[in-house]
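# Structural features, examined
Letter by letter, the chains look like this.
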Amino acid sequence: MTNGYLAPVLDWYGKQARDLPWRRPDASPWAVLVSEFMLQQTPVARVLPVYAAWLDRWPSPALLAACAPGEAVREWGRLGYPRRALRLHATAQILTERHAGQVPSSVAELRLLPGVGSYTAAAVASFAFGQRHAVLDTNVRRVLARLARGEQFPPRATSAAEVVLAESLLPAADRQAARWSVAIMELGALVCTASRPHCAACPVATACRWRQAGSPDGIRPAGQARYEGSDRQCRGRLLAALRAAGGPVPAAELAAQWPDSVQRARALDGLVADGLAEPLAGGQFALPG
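Each value, and the rule that gives it
Residues numbered from 1 in each chain as written. Predicted model: local features only at pLDDT ≥ 70, side-chain atom pairs only at ≥ 80, totals over all residues. Heavy atoms only, no water. Helix = DSSP H or I, 4+ residues; strand = E, 2+ residues; numbered from the N terminus. Buried < 20%, exposed > 50% of the residue type's maximum accessible area, 1.4 Å probe, protein only. Contact = heavy atoms within 4.5 Å. Core = buried A, V, L, I, M, F, W, Y, C linked by side-chain atoms within 4.5 Å. Expected span 1.5 Å × (residues − 1). Polar contact = N/O pair within 3.5 Å; in protein donor to acceptor, adjacent residues only side chain to side chain. Pairing = 2+ DSSP bridges. Phe/Tyr/Trp six-rings, centres within 6.5 Å; stacked < 30°, edge-to-face > 60°. Lys NZ or Arg CZ within 6 Å of the ring centre and 35° of its normal. 1 Å grid on protein atoms, 1.4 Å probe; cavity = no way out; pocket = protein on both sides within 12 Å on 5 of 7 lines; lining within 4 Å. Points joined across faces, edges and corners; volume = space filled by probe spheres on them. Axes fitted to C-alpha atoms, helices over the stretch in contact; angles between N-to-C directions.

### Concerning the overall build of the chain
Helix and strand counts for the chain come out as 15 helices and 3 strands. Overall, the C-alpha framework of the chain stretches about 65 × 45 × 30 Å when taken along its three principal axes. Going through the 289 residues of the chain one by one, you find that 44% of them count as buried. Residue pairs at least 24 apart in sequence account for 63% of intrachain contacts in the chain once pairs closer than 6 positions are excluded.

### Quick notes on the nonpolar core
Trp 30, Met 38 and Trp 54 are the most contacted members of the largest nonpolar core, which has 50 residues in total. Breaking this core down by element, the ones donating at least two residues are helix H2 (29-39), helix H3 (44-57), helix H4 (61-65), helix H5 (69-76), helix H6 (83-98), helix H8 (118-129), helix H13 (231-244) and helix H15 (261-273). When sequence neighbours within four positions are dropped, the list of residues in contact with Trp 30 reads Trp 54, Leu 55, Trp 58, Pro 59, Ser 60, Pro 61, Leu 64, Leu 88, Ala 92, Leu 95 and Val 103. Judged by nonpolar contacts, the second largest core, of 32 residues, contains Leu 10, Ala 123, Ala 183 and Leu 187.

### Focus: H15
Taking 1.5 Å as the rise per residue, H15 with 13 residues should run 18 Å; its terminal C-alpha atoms sit 18 Å apart, in good agreement. For H15, the elements touching its buried residues are H13, helix H14 (251-255) and strand E3 (284-286). N-cap assignment for H15: the residue whose side-chain oxygen lies 3.0 Å from the backbone N of Val 262 is Asp 260. The positive-phi residue at the C-terminal boundary of H15 is Gly 275, with phi of around 80°.

### Re the sheet that holds E3
Read across the sheet, 3 strands follow the order E1-E3-E2 without closing on themselves; strand pairing throughout is antiparallel. Lying at the two open borders of the sheet, with one neighbouring strand each, are strand E1 (249-250) and strand E2 (278-280). As paired elements, E1 and E3 share 2 bridges and run antiparallel to each other. Paired with Pro 250 across the two strands is Gln 284, which belongs to E3.

### Description of the packing of aromatic side chains
By the definition in use, this model includes 3 aromatic pairs. A centroid spacing of 5.7 Å and a plane angle of 85° characterise the contact between Trp 54 and Trp 76, whose relative ring orientation is edge-to-face. Residue Trp 54 is found in helix H3, and its partner Trp 76 is found in helix H5; the two are separated by 22 residues along the sequence. The exposure class of Trp 76 is buried, given its relative accessible area of 0%. These aromatic residues form a ring-pair network of at least three members: Trp 54, Trp 58 and Trp 76. In this structure, Arg 146 packs its charged tip against the face of Trp 210, placed 4.9 Å from the ring centre.

### As for empty space enclosed by the protein
With the rule as written, the count across this model stands at 2 cavities of 30 Å³ or more. For the largest cavity, the calculated volume is near 120 Å³. Contributing to the lining of the largest cavity are 15 residues, with Arg 146, Cys 192, Cys 199, Cys 202 and Cys 208 lying nearest its centre. Of all the elements in the fold, those that place two or more residues in the lining of the largest cavity are helix H9 (138-149) and helix H12 (209-212). Ranked by residues supplied to the lining of the largest cavity, first place goes to H9 with 3 residues.

### What about the packing of H3 against H5?
Axis separation between H3 and H5 bottoms out at 10 Å; the angle between their running directions is 145°. From H3, Val 50, Ala 53, Trp 54 and Arg 57 reach across to H5, where they touch Glu 71, Ala 72, Glu 75 and Trp 76.

### Here we look at the environment of Ile 184
With respect to the element layout, Ile 184 can be found in helix H11 (residues 174-190). Every residue in contact with Ile 184, bar those within four places of it in the chain, is listed here: Val 9, Val 140 and Val 143.

### Remarks on the side chain of His 89
Its place among the elements puts His 89 in helix H6. According to the relative accessible area criterion, His 89 is buried, its value standing at 3%. With sequence-adjacent residues up to four places away left out, His 89 is seen in contact with Leu 64, Ala 65, Cys 67, Ala 68, Pro 69 and Ala 72.

Laid out in structure tokens, this is it:
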């Protein structure tokens, strides 16, 4: 398919793109990989300070691999979904032991790393190494659903048809394809947003099939379950206490973090099962390692 959206989207991106550290020319493949781990289901504004502190402390995989996994969890702070920190630590160990401390450039090798799925592998190969891959995150899928298929929202799970469409729109040249991928992602993040798309600012609004069809309502993706009072909030409180401590934390101190004993025990069991906390002698708990 000839990509008639290419020129206006790339021109828009050149003028409107955010200056994000992982997009700068001096960003290493490791820095790009770290950003992709942190950006999973997490807004850019929350990622930026943690990303900067992380790379300041661990500018290479070898430096992270030399630390205990609990230090990765501590540095992750309140970024959310802390198992990502453990997977990033495990990835750093593999890169150090099997790849001479370097991030591999092939999608196949990237897919073998802990926590790296098809999206992350394609994103790192594209953004760190300038390769030609379809990069389908939530923003890209939403833009293509509206622009090319006339639907307000993409299906809940990525379909084969979406992949075929995304691949058909990739420019032939690797570097231009990588720039297209990040540009269409940025368009979804800044303009073609989920709730209030800024169609007047869109460089391809006149070609958008969804607008041409009268912007019909689609099936909105299900929102995340309520956080207040949830097991997620309880886990976060307990993990925050473990991160703040310089050593083991007595069970009684953890009990003070959450009033519901049944929910607290369930959350603590979950942290242990996920490798985010370790039970110690005397009824104490600590970060792993």
